[in-house]
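Report on the structure
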Amino acid sequence: MPDLLAADLRVLFCGINPSLYSAVVGVHFARPGNRFWPSLHASGFTPRRLLPSEQEELLALGLGITNVVDRATASADMLEPHEYAEGAKSLLRKVKRYRPKYLAVLGLGAYRTAFARPKASFGPQEETLGDTRLWVLPNPSGLNASYQLPDLARLYGELRRAAGSR
């Protein structure tokens, strides 16, 4: 699954790993039940609700997408702890190269495992990756029933306000 990256992004969104569906169609957050695209719009990151196939439009808005782990699976619980640790190293290389203002990890468990921060919580993190600030948001997967679209919009909106607009 290719990353959606450019230098000096406002926010680089970081999913846990691609779904099998996304890997087949070649776009991020492609499953119909995924709430990433509605959350971006409802929080004010995008002027309209984009379709997954329109992901390239994010770059003009200063937004990009990557994943902690590149391997596609049916669900994130199929990933091994060492894959998260390797993913964190890969993220560090990407962040050093592309210098986003924020790296937003979409999943508290993924962040805790990848960065060895077992007590982390949602929101801005004290830790940085170089000059890049870290922010943790709930995963927008439809499998994450703990957060509904209004909750996601509110939490993603906090990051949008912190990151400013382009």
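All chains use their own residue numbering, which begins from 1 and follows the written sequence. Residue-level local features of this predicted model are given only where pLDDT is at least 70; pairs of side-chain atoms are given and counted only at 80 or more, and the full residue set underlies all totals for whole chains, interfaces and linings. Note that the side-chain values use all heavy atoms of the structure and ignore hydrogens as well as water.

Take the environment of Cys14 next. Along the chain, Cys14 falls in strand β1 (residues 11–15). In the structure, Cys14 is positioned 26 residues away from Leu40 in sequence and 13 Å away in space, judged by C-alpha atoms. In this analysis, two residues are considered to be in contact whenever any of their non-hydrogen atoms come within 4.5 Å of each other. Once you skip the residues sitting within four places of it in the chain, Cys14 turns out to touch Thr66, Asn67, Val68, Leu91, Leu103, Ala104, Val105 and Leu106. Secondary structure elements follow DSSP: runs of H or I no shorter than four residues count as helices, runs of E no shorter than two count as strands, and numbering proceeds from the N terminus.

With that out of the way, let us pick up the UniProt feature "domain: Uracil-DNA glycosylase-like" (unreviewed entry) in the protein. The positions UniProt marks with the feature "domain: Uracil-DNA glycosylase-like" (unreviewed entry) are residues 2–153. In this annotation, residues 2–153 is assigned 31% helix and 18% strand; the end-to-end C-alpha distance for the span is 26 Å. UniProt positions are given in the numbering used here, feature names are shortened, and annotations may be inferred rather than shown by experiment.

Looking now at the sheet that holds strand β3 (residues 102–106). Here we have 5 strands laid out as an open sheet, ordered β2-β1-β3-β5-β4, and mixed in their pairing. Every other strand in the sheet has two partners, leaving β2 (63–67) and β4 (123–129) as the edge strands with one partner each. Here the average twist between neighbouring strands, direction ignored, is 25°. By this definition, two strands are paired if DSSP reports at least two bridges between them. Relative to β3, β1 runs parallel, the two sharing 4 bridges. The residue bridging Cys14 from the neighbouring strand is Val105, located in β3. Axis angles are defined between N-to-C directions and span 0 to 180 degrees, where every axis is a line fitted to C-alpha atoms and, for a helix, only to the segment in contact. Helix-sheet contacts for helix α4 (residues 81–98) involve β1, β2, β3, β4 and β5 (132–137), and the interaxial angle to β2 is about 155°.

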